[in-house]
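# What the coordinates show
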Amino acid sequence: MNDSGTKIRQINPPELGAPPGYSQVVEVRAGRIVFIAGQTALDQDGELVGRGDFAAQVEQVFRNLGCALRSVGCTAGNLVKLTVFLRDMDSLSSYREARNRFFATTSPPAAPAVTLVEVSKLYGPDFLIEIEAVAAA
């Protein structure tokens, strides 16, 4: 159960191994499913944060994701699935650091199922990361 009482069970079957920072399988028993559109590094005024700076962009993306979750009464603990789009896989360690800080804000720490892919382009030419999410409440 997460901090809002939703039954979320994170499973790493031994045959699949235990990955760092996410779960192989997430089982959800919830009353609501929340779909969050891909979040980029735009601030509330629609301005890009961190042009050319992946670390600044990923922090803004997680701030935006947190805002989206709060708007429906959820936290990082409600997340059950992330799809992460990176322009450059060399940014993976910076992404993981920001992700770990974001998920450490809940107790117990969240570990949603994650798909992470490198893409050649995102919505805007200066975006370096985009994350879409599914939460359960």
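One structure accompanies this document, and this report is about it. (Residues numbered from 1 in each chain as written. Predicted model: local features only at pLDDT ≥ 70, side-chain atom pairs only at ≥ 80, totals over all residues. Heavy atoms only, no water.)

The next subject is the environment of Phe85. Positionally, Phe85 belongs in strand S4 (residues 79-86). Taking the C-alpha atoms as reference, Phe85 lies 9.1 Å from Gly38; in sequence the two are 47 residues apart. When sequence neighbours within four positions are dropped, the list of residues in contact with Phe85 reads Val117, Val119, Leu122, Leu128, Ile129, Glu130 and Glu132. (Helix = DSSP H or I, 4+ residues; strand = E, 2+ residues; numbered from the N terminus. Contact = heavy atoms within 4.5 Å.)

Another point: the pairing of S4. Of all eight residues that make up S4, six are buried, and the element is covered over most of its length. Where S4 lies against strand S6 (residues 129-136), seven bridges are found, and the strand directions are antiparallel. Residue pairing for S6: Leu79 is matched across the bridge by Ala135. Judged from the six bridges that link them, S4 and strand S5 (residues 113-118) form a sheet pairing that is parallel. Opposite Leu86, over in S5, you have Glu118 as the bridge partner. (Buried < 20%, exposed > 50% of the residue type's maximum accessible area, 1.4 Å probe, protein only. Pairing = 2+ DSSP bridges.)

A word on a nonpolar patch on the surface. There is a patch of nonpolar side chains on the surface, built from Val28, Ile33 and Phe35 and spanning about 300 Å² of accessible area. Tracing the sequence through the fold places Ile33 in strand S3 (residues 33-39). Accessibility expressed as a relative area gives 47% for Ile33, which makes it partly exposed. (Patch = residues over 30% accessible without salt bridge, like charges linked within 9 Å, V, L, I, M, F, W, Y side chains within 5 Å. Areas by Shrake-Rupley, 256 points an atom, 1.4 Å probe, with all protein chains shown as cover. Salt bridge = Lys/Arg side-chain N within 4 Å of Asp/Glu carboxyl O.)

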